[in-house]
Amino acid sequence: MPVPLTGSEYLELLPVRWQAITERGIRLPHRTYDCDLLGPYRGQDSDVVARDGKWLRRAVTCLHG
């Protein structure tokens, strides 16, 4: 019998991208994702040196295209 996923389990199954957060937000092909929550991270490097300072992104909740 299938068991429903919890919210955190669902997030773990989403594809992962390492992405820079620019002044305009997160740029993907043909889309720019942006929201106020990105403010403190704009233009900042993450602490993950192995990923060239990029941030881990699994899900985006704000979309402006």
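Residues numbered from 1 in each chain as written. Predicted model: local features only at pLDDT ≥ 70, side-chain atom pairs only at ≥ 80, totals over all residues. Heavy atoms only, no water.

Asker: Break down the side chain of Gln19 for me, citing the residues and quoting the values.
Answerer: With respect to the helices and strands, the residue Gln19 is situated in strand 1 (residues 17-19). With a relative accessible area of 10%, Gln19 lands in the buried category. Reaching out from Gln19, the side chain makes a polar contact with the backbone oxygen of Arg27 at a distance of 2.8 Å. Sequence-distant contacts of Gln19, that is, excluding residues within four places in its chain, are made with Ile26, Arg27, Leu28, Lys54 and Trp55. (Helix = DSSP H or I, 4+ residues; strand = E, 2+ residues; numbered from the N terminus. Buried < 20%, exposed > 50% of the residue type's maximum accessible area, 1.4 Å probe, protein only. Polar contact = N/O pair within 3.5 Å; in protein donor to acceptor, adjacent residues only side chain to side chain. Contact = heavy atoms within 4.5 Å.)

Asker: Which residues make up the pattern of salt bridges, and what values go with them?
Answerer: In this structure the tally under the stated criterion is one salt bridge. Across the pair Asp34 and Arg42 runs a salt bridge whose closest N-O atoms are separated by 2.5 Å. (Salt bridge = Lys/Arg side-chain N within 4 Å of Asp/Glu carboxyl O.)

Asker: I'd like to hear about unusual backbone geometry, residue by residue, with values.
Answerer: For residues besides glycine, phi is generally negative; the peptide bonds are generally trans as well. Here His30, not a glycine, exhibits a phi torsion of approximately 70°, which is positive. Checked against the element boundaries, His30 lands in the loop between strand 2 (26-28) and strand 3 (31-33). Judged by its relative accessible area of 72%, His30 is exposed. Although it is not a glycine, Asp52 adopts a positive phi angle of roughly 55°. Turning to its location among the elements, Asp52 is positioned in the loop between strand 3 and strand 4 (55-57).

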